[in-house]
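Chain residues, written in single-letter form:
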Amino acid sequence: SPWLTIWRTWRGSAARSFRSAATLRLAEFSYQFFHGIGLIAKSAGHIAIETVLRAAVTAMVEGDVETLKTLIADDVVNHMPGTNQISGDYKGKDQFFADFFGKLMSLTGGQIAVKPHDILGNADHAIGVYTWTATRGDRRLEWRQVNVYHVRDGQLVEIWQHPFDFQRWNEFWS
């Protein structure tokens, strides 16, 4: 249907340009409205999962740590691959923020950024595709990454991070 095509086009471009929680809420309302009148056939679980991840990514891009903390479960587990300084499993909200994010900020002097490319979700999981950039001293790395998220009760409870060019990424963080 033409409405579905228009919605998908708008939704795809909006996903790349979310800048505030207000925009996210407007998109969620619009989606629910069009879904409610039958123009979009997608279960409520899918949009709820996507909405949680979009809100978390928006908070991260904007540096809104307080909002991000509300979207991360107390028992979160973040799986980082590799054999480098940030590799390992970070268990619990304290390890996630203090150890993982703290280490990222320390190693980069805060010179790390993420740009979301796409976010997809189903009833229990979401997938985010990103372009990251980080600087460590005189070295700079830009890489693509896909993350898989398990979402429960409106919070991220498990994260599996997968950089595309693993070897280069692993060397950068070593």
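Remember, predicted model here, so these are calculated numbers, not experimental data.

Asker: Is there a simple way to think about the packing of aromatic side chains in this case?
Answerer: A ring pair, where both rings are aromatic, is described by two values, the distance of the centres and the angle of the planes. Enumeration over the complete set of coordinates arrives at 10 aromatic pairs. What links up through ring pairs into an aromatic cluster is the set Y90, F96, F97, F100 and F101. The ring of F172 carries R136 above its face, with NZ or CZ at 5.9 Å from the centroid.

Asker: Looking at this structure, how should I read the side chain of H79?
Answerer: Assignment of secondary structure puts H79 in strand 1 (residues 72-80). Of note is the side chain of H79, whose polar atom sits 2.7 Å from the side chain of D89. Among the polar contacts made by the side chain of H79, one reaches the side chain of E158 at a distance of 2.5 Å. If sequence neighbours within four positions are ignored, H79 has contacts with G88, D89, E158, I159, W160 and Q161.

Asker: Can you walk me through the sheet that holds strand 4 (residues 125-136) in this structure?
Answerer: Pairing between the strands of a sheet is mediated by backbone hydrogen bonds and can be parallel or antiparallel. The mixed open sheet is built from 6 strands, whose spatial order is 2-1-6-5-4-3. Two strands in the sheet have a free side with no partner beyond their single neighbour: strand 2 (88-91) and strand 3 (112-121). The sheet shows a mean angle of 20 degrees between the axes of neighbouring strands, direction not considered. In the sheet, strand 1 pairs with strand 2 via 4 bridges, with the strands oriented antiparallel. Note that in strand 2 the partner of H79 across the bridge is D89. Of the strands in this sheet, strand 1, strand 2, strand 3, strand 4 and strand 6 (155-163) are in contact with helix 5 (residues 93-108), which crosses strand 1 at around 50 degrees.

Asker: What exactly am I supposed to notice about the confidence of the model for the chain here?
Answerer: Close inspection of predicted coordinates is inappropriate in any region flagged by low pLDDT. Taken residue by residue, the chain gives an average pLDDT of 80. The fraction at 70 or more is 73%. Within the chain, the element-level pLDDT minimum falls on helix 1 (residues 2-15), averaging 45, and the maximum on strand 2, averaging 98. Note that residues 1-24 has pLDDT below 50 and, in this model, 30 contacts with residues that lie over four places away or in other chains. Predicted confidence is poor over residues 34-43, with pLDDT under 50, and the contacts of this stretch with residues over four places away or in other chains come to 14 contacts.

Asker: I would appreciate a short explanation of helix 5 in the present structure.
Answerer: Think of an α-helix as turning once every 3.6 residues; residues three or four places apart then point the same way. Counted at 1.5 Å a residue, the expected span for helix 5 with its 16 residues is 22 Å, and the 21 Å between its end C-alpha atoms agrees. Remark: the principal bend of helix 5, roughly 30 degrees, maps to G102. Buried residues of helix 5: K93, F96, F97, F100, F101, L104, L107 and T108, and no others. Phi turns positive, to about 60 degrees, at G109, one or two residues after helix 5.

Reading the values: rules and limits
- Residues numbered from 1 in each chain as written.
- Predicted model: local features only at pLDDT ≥ 70, side-chain atom pairs only at ≥ 80, totals over all residues.
- Heavy atoms only, no water.
- Phe/Tyr/Trp six-rings, centres within 6.5 Å; stacked < 30°, edge-to-face > 60°.
- Lys NZ or Arg CZ within 6 Å of the ring centre and 35° of its normal.
- Helix = DSSP H or I, 4+ residues; strand = E, 2+ residues; numbered from the N terminus.
- Polar contact = N/O pair within 3.5 Å; in protein donor to acceptor, adjacent residues only side chain to side chain.
- Contact = heavy atoms within 4.5 Å.
- Pairing = 2+ DSSP bridges.
- Axes fitted to C-alpha atoms, helices over the stretch in contact; angles between N-to-C directions.
- pLDDT = per-residue confidence, 0-100.
- Expected span 1.5 Å × (residues − 1).
- Bend = angle between axes of the 7 residues up to and from the residue.
- Buried < 20%, exposed > 50% of the residue type's maximum accessible area, 1.4 Å probe, protein only.

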